[in-house]
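Coordinates in review
Listed below, chain by chain, are the residues.
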Amino acid sequence: AMNRVAAVVLSSLAVLLGAVVGGRVVLAVLGVSAGVFGGLLAPWWALWRWRGAWRLAAGVLVALIVFTAARIVLGVRADPTSHNLWPFELLILGVFNAAALLGMALLRRITGVDDPS
């Protein structure tokens, strides 16, 4: 279960690294997009699947997503010229969340929390 999330994040990073080294801009964009997409969606999955303190940790990432989205919507509502760079705000948040979730997944693996036995 969590192995799939970690695999998606790691494969996205591998695609990005390969694209940058190989000079393939299209693959770099796809890799970043996959990482951001995973960073914005995977915390919701973790919140649903994980238990205990791990669920709380995933909840913090989900709260960051909700807070950022609300801040963008309310800011644009108050002043349409604010948050002109909102895609970059989501990009930064997605990368942060992907890295944080990957770290949590590794800690879960090391501590044996996701071991079925």
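Before reading on, note that the structure itself is shown above.
Scope of this entry: the structure provided in the associated data block. (Residues numbered from 1 in each chain as written. Predicted model: local features only at pLDDT ≥ 70, side-chain atom pairs only at ≥ 80, totals over all residues. Heavy atoms only, no water.)

Tallying secondary structure elements over the protein chain gives 4 helices and 0 strands in all. The 117 residues of the protein chain split such that 30% are buried. When contacts within the protein chain are restricted to residue pairs at least 6 apart in sequence, those whose partners lie at least 24 apart make up 61%. Within the structure as shown, the protein chain displays about 7400 Å² of accessible surface, and the carbon and sulfur contribution to it stands at 76%. (Helix = DSSP H or I, 4+ residues; strand = E, 2+ residues; numbered from the N terminus. Buried < 20%, exposed > 50% of the residue type's maximum accessible area, 1.4 Å probe, protein only. Contact = heavy atoms within 4.5 Å. Areas by Shrake-Rupley, 256 points an atom, 1.4 Å probe, with all protein chains shown as cover.)

We now examine the packing of helix α3 (residues 53-78) against helix α4 (residues 86-111). One way to put it is that α3 packs onto α4 with a least axis distance of 11 Å and a crossing angle of 180°. Compared by their axis directions, α3 and α4 come out roughly antiparallel. Between α3 and α4, the contacting residues are W54, A57, A58, L61, L64, I65, T68, R71 and I72 on the first element and W86, E89, L90, L93, F96, N97, A100, L101, M104, L107, R108 and T111 on the second. Its residues assigned to classes, the contact of α3 with α4 comprises 15 nonpolar, 3 polar and 3 charged. (Axes fitted to C-alpha atoms, helices over the stretch in contact; angles between N-to-C directions. Parallel < 35°, antiparallel > 145°, perpendicular 65-115°, else oblique. Nonpolar A, V, L, I, M, F, W, Y, C, P; charged D, E, K, R; others polar.)

Below, the discussion takes up unusual backbone geometry. In the Ramachandran plot, H83 falls in the positive-phi region, its phi being about 60° despite a non-glycine side chain. Mapped onto the elements, H83 comes out in the loop between α3 and α4.

Turning our attention to the environment of H83. Here the alpha-carbon distance between H83 and R71, two residues 12 residues apart in the chain, equals 9.1 Å. Apart from the residues lying within four places of it in its own chain, the contact partners of H83 are R71, I72, G75, V76 and E89. In terms of polar contacts, H83 uses its side chain to reach the side chain of E89, at 2.8 Å. (Polar contact = N/O pair within 3.5 Å; in protein donor to acceptor, adjacent residues only side chain to side chain.)

With that settled, the discussion passes to the side chain of S82. Considering the arrangement of structural elements, one finds S82 in the loop between α3 and α4. At 2.8 Å, the side chain of S82 forms a polar contact with the backbone oxygen of G75. A polar atom in the side chain of S82 sits 2.8 Å from the backbone oxygen of D79. With near-sequence residues (within four places) excluded, S82 lies in contact with G75 and V76.

Right, let's get into α3. Because each turn of an α-helix spans 3.6 residues, side chains separated by three or four positions in sequence point in the same direction. Counted at 1.5 Å a residue, the expected span for α3 with its 26 residues is 38 Å, and the 37 Å between its end C-alpha atoms agrees. The set of residues buried in α3 consists of W54, A58, L61, V62, I65, T68, I72 and G75. (Expected span 1.5 Å × (residues − 1).)

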